[in-house]
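What follows is each chain in one-letter form.
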2 protein chains.
Amino acid sequence: MTARSTSETARDIPEATVARLPVYLRALNTLADDEIRTCSSEDLASAAGVNSAKLRKDLSYLGSYGTRGVGYDVDYLRYQIAREIGVTQDWPVVIVGIGNLGHALANYSGFRSRGFHVVALLDADERRHGEHVAGVLVRPFDDLEAIVAEQGVAIGVIATPAAAAQDVADRMVACGITSVLNFAPTVIAVPDGVDVRKVDLSIELQILAYHEQRKAQL
Amino acid sequence: MTARSTSETARDIPEATVARLPVYLRALNTLADDEIRTCSSEDLASAAGVNSAKLRKDLSYLGSYGTRGVGYDVDYLRYQIAREIGVTQDWPVVIVGIGNLGHALANYSGFRSRGFHVVALLDADERRHGEHVAGVLVRPFDDLEAIVAEQGVAIGVIATPAAAAQDVADRMVACGITSVLNFAPTVIAVPDGVDVRKVDLSIELQILAYHEQRKAQL
DNA sequence: AGGAGTTTGTGAACGTGGGAACAAACCGAG
DNA sequence: CTCGGTTTGTTCCCACGTTCACAAACTCCT
Ligand SMILES: NC(=O)c1ccc[n+]([C@@H]2O[C@H](COP(=O)([O-])OP(=O)(O)OC[C@H]3O[C@@H](n4cnc5c(N)ncnc54)[C@H](O)[C@@H]3O)[C@@H](O)[C@H]2O)c1
Ligand SMILES: NC(=O)c1ccc[n+]([C@@H]2O[C@H](COP(=O)([O-])OP(=O)(O)OC[C@H]3O[C@@H](n4cnc5c(N)ncnc54)[C@H](O)[C@@H]3O)[C@@H](O)[C@H]2O)c1
């Protein structure tokens, strides 16, 4: 968050920009599938659903990868964004809590195609052990430490009930995981240096409900 | 977005605050379960994982519901937030695309307990029709218009593949849905007056990957 | 009743993000 | 080579969001 060490090429990309880079990458992939080689900031911005000035400013944090009067080379820009995000490599991920949601996540093919692969599915309920989901074995939660150590896992996904989420997060952090994606509807506390992102269906619906109510009041 | 009509009590709550109100509500529910009657902004803020000054400012947009020197009455504040968000009433919701994710969503009990209930599950694949998920029948996508009209549905959830998402959204909007929650990894375009929120697992993971990569560079 | 202690509600300072607008840079035609 | 047309990269400014800090308001004890 603060002082950059000796500042090699270490650019500091705003958080809001980081959150949009994956959207640009996806839009570029779609363009590439349609065999489009070059695009203007206007083209890409409308494909990504943002303002073109914002798009250009976002890209300018990565470097100067466009050509004035021409636009951006789709493949080249695609690679640059992928490299900046860090998805030119493949990240191993563990999923904990293989219930309704955990099954859906394990079956999700979009994982692998976007730079991630599931190395383990863990659950505390022994009745679930031994099952295979999308070709991956469901194993005891207590195998966590061994798997993380062996496979060098840095990213963990929590899909357990809310009551278990903090305990699961603590165990993850203790064995070296430094990024957590939490689907349980609860706030989890982690030490500095660990990133947590949450996905909360109910919150999204409640935000929609708020605006819906406002619309109805007119 | 602009001029408030005649401004009765029409407060204008900042978007960032709206997004946090559901988190406060959840924290208050947890406190109420523990039979805590009163809490300070500090207590509630730490339960919600935010700064206490931010919490107080957020709550001040709703009105002045605390007592100086004392704090907030848990039940009273809970009701006020629920009313402001609009979850004192029950919102009917349709889910389109009953595959892996759609099944998980349909089975999700957190829906009903938070002010929403699933009135219909729709899928274009006729092999899925007739199945019951969590007690609700899976019906043809073409039933959308009839269901929305009959039940007065305002909120739709899209859990189809990306390729179908825009078409589904168009159909939803055409028959009167004005709030959409989109799980498909694609940008969907809607007319003014319709709200869209997206939930995108891959984007969340890519944001984590970015920060993970930065950590590794030190 | 008064004073000490507590906690809210908010004004003001600060930081981050968004968008218009434009100079700089490039292409292609003549 | 020059000129007109195009599109990027960036500057400047405004709006929004966050945090500090403190007066106002309340409770409780003496
Ligand atoms: N199903 C959905 O669509 C949905 C949507 C939004 C949020 N969520 C949230 O996601 C989480 C999972 O939802 P679900 O519907 O899959 O629930 P579920 O009950 O079907 O699955 C939870 C799984 O976690 C396992 N588990 C429990 N405690 C554990 C522990 N300490 N360690 C390891 N595993 C443990 C259980 O054995 C079970 O298999 C919940 O917090 C839920 O609120 C679910
Ligand atoms: N599974 C996950 O955990 C996960 C995670 C993140 C995002 N997603 C996204 O959510 C969406 C659904 O994922 P999934 O794994 O459930 O896929 P899925 O293929 O299992 O299910 C998709 C369902 O949508 C139906 N469908 C297709 N076209 C339709 C149309 N025009 N109208 C109505 N229904 C239609 C299909 O018949 C199928 O039942 C995808 O866009 C996926 O990228 C899934």
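On a predicted model such as this, the values are computed, not experimentally measured, just so you know.

The rules we used
- Residues numbered from 1 in each chain as written.
- Chains lettered and ligands numbered in written order.
- Predicted model: local features only at pLDDT ≥ 70, side-chain atom pairs only at ≥ 80, totals over all residues.
- Heavy atoms only, no water.
- Contact = heavy atoms within 4.5 Å.
- Buried area = accessible area lost by both parts, 1.4 Å probe.
- Salt bridge = Lys/Arg side-chain N within 4 Å of Asp/Glu carboxyl O.
- Polar contact = N/O pair within 3.5 Å; in protein donor to acceptor, adjacent residues only side chain to side chain.
- Helix = DSSP H or I, 4+ residues; strand = E, 2+ residues; numbered from the N terminus.
- Nonpolar A, V, L, I, M, F, W, Y, C, P; charged D, E, K, R; others polar.
- Near = heavy atom within 4 Å.
- Areas by Shrake-Rupley, 256 points an atom, 1.4 Å probe, with all protein chains shown as cover.
- Least-squares fit on C-alpha atoms with pLDDT ≥ 70 in both.
- Phe/Tyr/Trp six-rings, centres within 6.5 Å; stacked < 30°, edge-to-face > 60°.
- Buried < 20%, exposed > 50% of the residue type's maximum accessible area, 1.4 Å probe, protein only.
- Pairing = 2+ DSSP bridges.
- Axes fitted to C-alpha atoms, helices over the stretch in contact; angles between N-to-C directions.

1. Digging into the interface of chain B and chain A
So, step 1. Counting residues at the interface gives 62 residues for chain B, matched by 62 residues for chain A.
So, step 2. When chain B packs against chain A, the two sides together hide about 5800 Å² of surface, and 62% of this comes from carbon and sulfur.
So, step 3. In this structure, R26(B) and D200(A) form a salt bridge, with 2.2 Å as the shortest nitrogen-oxygen distance.
So, step 4. The interface formed by chain B and chain A holds 25 residue pairs in polar contact (both at pLDDT 80 or more) in total.
So, step 5. At the level of elements, α1 (15-33), α2 (41-48), α4 (74-85), α5 (100-107), β9 (179-182), β10 (195-198) and α8 (201-216) of chain B are the ones that each hand at least two residues to the side of chain B that touches chain A.
So, step 6. With 15 residues, α8(B) is the single largest residue contributor to the side of chain B that touches chain A.
So, step 7. Residue composition of the side of chain B that touches chain A, by class: 33 nonpolar, 14 polar and 15 charged.

2. Structural notes on the protein's contact with DNA strand C
So, step 1. What surrounds DNA strand C is a group of 27 residues, the closest being K57(A), R68(A), S41(B), R56(B) and Y72(B).
So, step 2. Take the atoms of DNA strand C that sit within 4 Å of the protein: sugar and phosphate atoms are 64% of them.
So, step 3. One of the side-chain nitrogen or oxygen atoms of S64(B) is found 2.9 Å away from a phosphate oxygen of DNA strand C.
So, step 4. For the surface near DNA strand C, the secondary-structure elements that each account for two or more residues are α1 (15-33) and α3 (52-62) of chain A together with α3 (52-62), β2 (66-67) and β3 (71-73) of chain B.
So, step 5. It is α3(A) that provides the largest number of residues to the surface near DNA strand C, a total of four residues.
So, step 6. Of the residues assigned to the surface near DNA strand C, the class counts are seven nonpolar, eleven polar and nine charged.

3. Focus on the site of ligand 1
So, step 1. As a matter of local geometry, ligand 1 sits amid 24 residues, with N100(A), L101(A), D123(A), R128(A) and T160(A) nearest to it.
So, step 2. Lying at an intersection of chains, ligand 1 is approached by residues of chains A and B.
So, step 3. In this structure, N100(A) approaches ligand 1 through a main-chain N or O atom, which is 3.0 Å from an oxygen atom.
So, step 4. Take L101(A): an N or O atom from its main chain is 2.8 Å from an oxygen atom of ligand 1.
So, step 5. Notes on ligand 1: free accessible area 820 Å², of which the protein chains cover 81%.

4. Focus on the relation of the copies chain B and chain A
So, step 1. Screw-axis analysis of chain B against chain A gives a translation of 0.0 Å along the axis, an RMSD of 0.0 Å, and a rotation angle of 180°. When the rotation and shift are considered jointly, the pair of chain copies conforms to a two-fold rotation axis.
So, step 2. By residue overlap, the copies meet face to face through one surface: 100% of the interface positions of chain B are interface positions in chain A.

5. Points about the protein's contact with DNA strand D
So, step 1. Taken together, 27 residues surround DNA strand D, and among them S41(A), R68(A), Y72(A), R20(B) and R68(B) come closest.
So, step 2. A share of 68% is what sugar and phosphate atoms reach among the atoms of DNA strand D within 4 Å of the protein.
So, step 3. At a separation of 2.5 Å, a phosphate oxygen of DNA strand D approaches a polar backbone atom of S41(A).
So, step 4. At 2.9 Å, a side-chain N or O of S64(A) approaches a phosphate oxygen of DNA strand D.
So, step 5. Going through the elements one at a time, α3, β2 (66-67) and β3 (71-73) of chain A together with α1 and α3 of chain B are the ones with two or more residues in the surface near DNA strand D.
So, step 6. Top contributing element to the surface near DNA strand D by residue count: α3(B), with four residues.

6. A closer look at the packing of aromatic side chains
Residue and element names in this part refer to chain A.
So, step 1. What the rule picks out here adds up to four aromatic pairs over all chains.
So, step 2. With 5.6 Å between their ring centres and 85° between their planes, Y65 and Y76 make a pair best called edge-to-face. Separated by eleven residues along the polypeptide, Y65 in the loop between α3 and β2 and Y76 in helix α4 (residues 74-85) bring together distant segments of the chain.
So, step 3. By relative accessible area, which is 40% here, Y76 ends up partly exposed.

7. Section: the site of ligand 2
So, step 1. As a structural note, the neighbourhood of ligand 2 is formed by 24 residues, with N100(B), L101(B), D123(B), R128(B) and T160(B) the closest of them.
So, step 2. In this structure, ligand 2 sits where chains A and B come together, each supplying nearby residues.
So, step 3. Interatomic distance of 2.8 Å between a backbone N/O atom of L101(B) and an oxygen atom of ligand 2.
So, step 4. One of the side-chain N or O atoms of D123(B) is found 2.5 Å from an oxygen atom in ligand 2.
So, step 5. Protein chains bury 82% of the 830 Å² of accessible surface belonging to ligand 2 in isolation.
So, step 6. Ranked by the residues each element gives to the shell around ligand 2, the list is headed by helix α7 (residues 162-174) of chain B, at three residues.
So, step 7. Looking at the shell around ligand 2 residue by residue, the classes come out as 17 nonpolar, four polar and three charged.

8. What about the pattern of salt bridges?
So, step 1. This model, assessed by the stated rule, comprises 24 salt bridges over all chains.
So, step 2. One salt bridge connects R20(A) with D58(A), and the closest N-O pair in it is separated by 2.7 Å. Remark: D58(A) occurs in helix α3 and R20(A) occurs in helix α1; sequence separation between them is 38 residues.
So, step 3. Between K215(B) and D195(A) there is a salt bridge; the shortest N-O distance is 3.2 Å. Here K215(B) is found in helix α8, whereas its partner D195(A) is found in strand β10 (residues 195-198) on a different chain.
So, step 4. The exposure class of K215(B) is partly exposed, given its relative accessible area of 27%.
So, step 5. Here the residues in one salt-bridge network are D142(A), E145(A) and R171(A), joined through shared partners.

9. Some remarks on the sheet that holds strand β8 (residues 155-158) of chain B
Residues and elements named next belong to chain B.
So, step 1. Taken in spatial order, the seven strands line up as β6-β7-β5-β4-β8-β9-β10 in an open sheet, and their pairing is mixed. Two strands in the sheet have a free side with no partner beyond their single neighbour: β6 (132-133) and β10.
So, step 2. Seen against the sheet, α7 touches β4 (91-96), β8 and β9 and runs at an angle of roughly 170° to β8.

So far we have only geometry, and geometry alone does not tell us how the molecule works.
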